[in-house]
Amino acid sequence: MNAAGKSGLLLGLVGAILSLLSYLLLDFLYSGFFTMFVYGFAVLVITIAVAAHLGLKWRKSIGGFASFGDTFKFLFLMLIIAGVVNLGVEVLLYHVIEPDLQKITATKVMGATENIMLKYELPDDQIDETLDKMEDSIENLSVMERLATFKWRPLLQAFMAIILSLFIKKEKPLFES
């Protein structure tokens, strides 16, 4: 297996661990909006940090220099493979391990949303309207619907690969001194 494949599997494993951690900490993570936001931000930072580390490790393994194009190809392939691994874990988690997890999570998100709205003393009718809209949008995604949502991930992964490539690339000097 090539370096991008191995790195993608490793990044996917990190994502799987974070997904399982969120499953285990479900009650805590959805206790409030701020907690959900902080956890989501932490997952993003961890993902970027691990992807950058793997990219730098790859660049070092090929001699310390890599063009933007080569770096982008490596990172994009790595992120796609990690995304496939995460999709597999998501399907396993939501359809095999805990089939009611989506409803449970949605209920907790609605509770956190209601608490925030109550905290800001919004009118009861506005709270009820918002919660009704949220409840209407809650449905269990089938495996096929989850696969259909995967089609947008490569766009985000390409964007992330572009940004990371700007920092990881390192061109060979034109003249050696």
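Enquirer: Mind showing me how you'd approach the environment of methionine 144 here?
Expert: You can see methionine 144 is positioned in helix 7 (residues 143-149). With 53 residues separating them in the primary sequence, methionine 144 and valine 91 have C-alpha atoms 9.7 Å apart.

Enquirer: Honestly, the nonpolar core in this entry has me stumped. Any pointers?
Expert: Where a protein is soluble and globular, its nonpolar side chains tend to be buried together. Among the nonpolar cores identified, the biggest contains 16 residues, and Leu11, Ala51, Phe74, Leu75, Met78, Leu79 and Leu164 are the most heavily contacted of them. Of all elements in the fold, only helix 1 (3-24), helix 3 (33-61), helix 4 (68-97) and helix 8 (153-168) reach the threshold of two or more residues within this core. At five residues, helix 4 tops the list of elements feeding residues into this core. Apart from residues lying up to four places away in sequence, leucine 79 is in contact with Leu11, Ala51, Gln157, Met160 and Ala161.

Enquirer: Looking at this structure, how should I read unusual backbone geometry?
Expert: Excluding glycine, a negative phi dihedral is what most residues carry, and trans is how most peptide bonds are arranged. Of note in this structure, glutamate 121 is not a glycine but carries a positive phi near 55°. Relative to the helices and strands, glutamate 121 is located in the loop between helix 5 (101-119) and helix 6 (124-137). Given the relative accessible area of 70%, glutamate 121 is considered exposed.

Conventions and cut-offs
- Residues numbered from 1 in each chain as written.
- Predicted model: local features only at pLDDT ≥ 70, side-chain atom pairs only at ≥ 80, totals over all residues.
- Heavy atoms only, no water.
- Helix = DSSP H or I, 4+ residues; strand = E, 2+ residues; numbered from the N terminus.
- Core = buried A, V, L, I, M, F, W, Y, C linked by side-chain atoms within 4.5 Å.
- Buried < 20%, exposed > 50% of the residue type's maximum accessible area, 1.4 Å probe, protein only.
- Contact = heavy atoms within 4.5 Å.

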